[in-house]
2 protein chains.
Amino acid sequence: MKRITIREVSEKAGVSTAAVSYVLNGRIGKVSQETVDKVRKAVDELGYIPDFSARSLAGNRSKLIGVVIPQTEDRKQLLLQNPFYSELVCGIEARLRQSGYHMILSGVDKGEGYLDTSMQRNLDGAIIMGIYQESFYEDLKKVRLPIVLIDSYIHDSYFHVVGVDDELGGYLATKHLIDNGHTAVALVTGSIRKDGVMEKRFLGYKRALKEAGLFYNPDYVFEDSVSYEYGQEAGRVIAEKHPDITAVFAVSDMVALGVISGLAEAGRHVPDDVSVIGFDDISVARMCHPPLTTIRQDIVGRGSMAAERLLQAITDSEESLPQEPTVMPLTLVQRDTVRRLTPE
Amino acid sequence: MKRITIREVSEKAGVSTAAVSYVLNGRIGKVSQETVDKVRKAVDELGYIPDFSARSLAGNRSKLIGVVIPQTEDRKQLLLQNPFYSELVCGIEARLRQSGYHMILSGVDKGEGYLDTSMQRNLDGAIIMGIYQESFYEDLKKVRLPIVLIDSYIHDSYFHVVGVDDELGGYLATKHLIDNGHTAVALVTGSIRKDGVMEKRFLGYKRALKEAGLFYNPDYVFEDSVSYEYGQEAGRVIAEKHPDITAVFAVSDMVALGVISGLAEAGRHVPDDVSVIGFDDISVARMCHPPLTTIRQDIVGRGSMAAERLLQAITDSEESLPQEPTVMPLTLVQRDTVRRLTPE
């Protein structure tokens, strides 16, 4: 297929090639909004793709990276209040700064919106945290930039992925509870979707149960959202309606803290009455009382690795496809929220 | 004084005016590093000041804001792991996005470095968190951008300030402990420097003591760094060497959590043995056990207000000097870490 040229875009839009170039390179202050709109419309209609490799070769790098963070449910704010994301950002920024890159941090509503941002800012690449609808990823590909995904199990070689083995993490957490004599182990989780992080952790939970010869009981799975508030609610329900449950695997530390709080409200203490294990090892995990037993991932290190892979992809020739996902290690950190259950 | 022109810079640097313009507008991909260096040298030597207002009038806005966050002590990472900063960033980003602005989030070692960044990126303004050496602020002024400071009591009308009344906060916290019957009240604080946030909170602490007719005892002031780790250390020392202390005002929630942990290690419980009040009301304050009594500031709202003031300053004409500092409200939030001390 013949490549669409800037000249064709300028003819279609009825503006000068210089104006097209301004818009494509994000110098939108130089032209009127009307021109911007005309050029974008022409780009869309012609399916024009900026010649990223040529731009790279010319050394016209912006040294600017887009970092996308999921937003709160009402889309009003970034989820940066979840320490998991802020620790990732720490790792990303430190690595980028080392190479003279800067980072634009933002939330995003739709992939198309991000297409605009990246064109306007002439981004060199992007790191996407969180999980989005499939159409978002399809839109992202139109950006034609190197992109690193965190938290996604999407099967598409277009994207670079820096993840952890969530199935293994779920397995390790549940096994630790079982190894401590617990047989009635609940799972408190966010929405379990096909190929999502939650599903993997859920599968690990089931594997550990099966391996220990324990039946999987759907009543022990509390599934809603990955939030402190839902953890609280699940903790209350467990305390009030499931006195048989002696241990909880919470899919994130924030959820685990919520579970502990919900249990406490109902008069049940951790770890004396119920054992709880979390996932992530956010910095708060060691600061709370009792300090949280959890599956640790090096969150800052993961951010740093995501930046590393992105910089590598930017430097490499355009031809090279993303390699295999980078899988960061997970380890069990034993603190004070899991108690050995001695047979009565 | 006659204004230096771009032409004079180009003559001094021995490059074209177009090249000077590229460098000043951050299009450094268009010219060689040698040219960039020459132009910057000429700009420095001539004391050239970019005509910000003219640029604004021409509508050549980058719609890009710099947000500076302090770094960890080893300068390796952003202090974003401190929820205070990540919550501020949430508020800033949400407000900027609403007006179609983006944010470059970074740490910075010296003011001069930030001068480079802001020129290179053609920033429209900046929000600076944390407290820096005086020379940093002097350097910042050379950037000739609207700048909003958070956490600073610097007396310079060049800067916009969005703060809280830290003296009042220190007073309210200490008074709450005294009102609950405590007379031996410790202060755990970061380094107390003239005109700094810590000094103000310290002055509030002293005012409350004085008002209640209590003597100020320097042995009750534990001064080092604003960190969870120092809080822990102070908690241990209080437990071991100061059995007379029945209440602690910690200058931040992170410090308070550390104090509670240090006390617990030494077998003293909050609030049964010692009462603790924090400052900030970061989201973790309500999640920890026991939930923390604290002086609440609306951190997200403060970030949002900082962005609001900056956008205002960008829109306003260059002539208008910053108004008075915006002072955000503080309120006492009573949770479970302060106990009423009944006379024996």
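Numbering of residues starts from 1 in every chain and runs along the sequence as written. Chain labels run from A onward and ligand labels from 1 onward, assigned in the order the entries are written. pLDDT decides what is reported in this predicted model: residues at 70 or higher carry local features, side-chain atom pairs at 80 or more are listed and counted, and totals for whole chains, interfaces and linings draw on all residues regardless. Hydrogen atoms and water are omitted, and side-chain values are computed over all heavy atoms in the structure.

Novice: I tried to follow the relation of the copies chain B and chain A on my own but got confused; where do I start?
Specialist: Two chain copies here: they are related by a rotation about an axis and a translation along the same axis. With an RMSD of 0.2 Å, the operation that places chain B on chain A is a rotation of 180 degrees combined with a shift of 0.1 Å along the axis. Within this description, the copies of the chain are treated as partners about a two-fold rotation axis. The rotation axis passes nearest to the C-alpha of Ile 104 of chain B in chain B, at a distance of 2.2 Å. Only residues with pLDDT of at least 70 in both copies contribute their C-alpha atoms to the least-squares superposition of the copies.

Novice: Would you mind showing me how to read the packing of helix α2 (residues 17-24) of chain A against helix α3 (residues 33-46) of chain A here?
Specialist: When two helices pack together, their arrangement is given by the angle between their axes and by how far apart the axes lie. All names here are of chain A. Fitting a line to C-alpha atoms yields each axis, with helices limited to the stretch in contact; the angle taken between N-to-C directions then spans 0 to 180 degrees. Secondary structure elements are taken from DSSP: a helix is a run of H or I of four residues or more, a strand is a run of E of two residues or more, and numbering for both begins at the N terminus. At a minimum axis distance of 10 Å, the contact between α2 and α3 shows a crossing angle of 85 degrees. The pairing of α2 with α3 is recorded here as roughly perpendicular in orientation. Contact residues: α2 offers Ala 19, Val 20, Val 23 and Leu 24, while α3 offers Thr 35, Val 36, Val 39, Arg 40 and Val 43. Partitioned by chemical class, the residues of the contact of α2 with α3 number seven nonpolar, one polar and one charged. Small angles under 35 degrees read as roughly parallel and large ones over 145 as roughly antiparallel, with 65 to 115 read as roughly perpendicular and the rest as oblique. In what follows, a contact means two residues having at least one pair of non-hydrogen atoms within 4.5 Å. Following the grouping adopted for this structure description, the nonpolar residues are Ala, Val, Leu, Ile, Met, Phe, Trp, Tyr, Cys and Pro, the charged ones are Asp, Glu, Lys and Arg, and the polar ones are all others, Gly among them.

Novice: What am I meant to see in the domain arrangement of chain A here?
Specialist: Many authors give the size of an interface as the accessible area that is lost as the parts come together. Domain extents, as shown, originate in an automatic or database domain assignment. Split by domain assignment, chain A resolves into domain 1 (6-50), domain 2 (64-165 + 299-328) and domain 3 (166-297). Of note, the centres of domain 1 of chain A and domain 3 of chain A, computed from C-alpha atoms alone, are 53 Å apart.

Novice: Explain the interface of chain B and chain A here, please?
Specialist: The interface of chain B with chain A comprises 44 residues on the first partner and 43 residues on the second. We define buried area as the total accessible area lost by two parts upon association, computed with a 1.4 Å probe and summed across both. Summed over the three residues of chain B that lose the most area to chain A, namely His 102, Met 287 and His 289 of chain B, the buried surface amounts to 16% of that side. The term salt bridge refers to a side-chain nitrogen of Lys or Arg lying within 4 Å of a carboxyl oxygen of Asp or Glu. Joining chain B to chain A, the criterion identifies two salt bridges. In this structure, Glu 229 of chain B engages Arg 286 of chain A in a salt bridge whose closest nitrogen and oxygen atoms are separated by 3.2 Å. When residues of the side of chain B that touches chain A are traced back to their parent elements, those giving at least two are α5 (83-98), β2 (102-106), α6 (111-121), α10 (228-241), α11 (253-265) and α12 (284-287) of chain B. At seven residues, α5 of chain B tops the list of elements feeding residues into the side of chain B that touches chain A. Class assignment for the residues of the side of chain B that touches chain A results in 18 nonpolar, 16 polar and ten charged.

Novice: What is the right way to look at the sheet that holds strand β8 (residues 247-250) of chain B in this model?
Specialist: Note: strands within a sheet are paired through backbone hydrogen bonds, in either parallel or antiparallel orientation. Residues and elements named next belong to chain B. One bridge is not enough; two strands pair if DSSP finds at least two bridges between them. Spatial strand order, β7-β6-β8-β9-β10-β12: six strands in an open sheet with mixed pairing. Across the chains shown, the open sheet's two edge strands, defined by having one partner strand only, are β7 (221-224) and β12 (330-333). Across the sheet, the mean angle from the axis of one strand to that of its neighbour is 15 degrees, orientation sign disregarded. Here four bridges tie strand β10 (residues 293-297) to β12, and the two strands are oriented antiparallel to one another. Across the sheet, the residue bridging to Gln 297 is Leu 330, located in β12. Seen against the sheet, α10 touches β6 (185-190), β7 and β8 and runs at an angle of roughly 150 degrees to β7.

Novice: I would appreciate a short explanation of the pattern of salt bridges in the present structure.
Specialist: Note that side chains of opposite charge can pair when their charged atoms are close. Residues and elements named next belong to chain A. Inspection of the entire model under this criterion finds 32 salt bridges over all chains. Of the charged contacts in the structure, one is a salt bridge between Glu 167 and Arg 207, with a shortest N-O distance of 2.8 Å. Here Arg 207 lies in helix α9 (residues 197-211) and Glu 167 lies in helix α8 (residues 166-179), a separation of 40 residues in the sequence. The class for Glu 167 is buried, based on a relative accessible area of 19%. Bridged by salt links that share partners, the residues Lys 12, Lys 41 and Glu 45 form one connected network. Buried residues are those whose accessible area, probed at 1.4 Å on protein chains only, stays under 20% of the maximum for their type, while exposed residues exceed 50% and partly exposed ones sit between those limits.

Novice: How should the environment of Ile 260 of chain B be read in this particular structure?
Specialist: Residues and elements named next belong to chain B. Relative to the helices and strands, Ile 260 resides in helix α11. With relative accessibility at 7%, the residue Ile 260 sits in the buried group. It is 6.5 Å that separates the C-alpha atoms of Ile 260 and Val 270, two residues lying ten residues apart in sequence.

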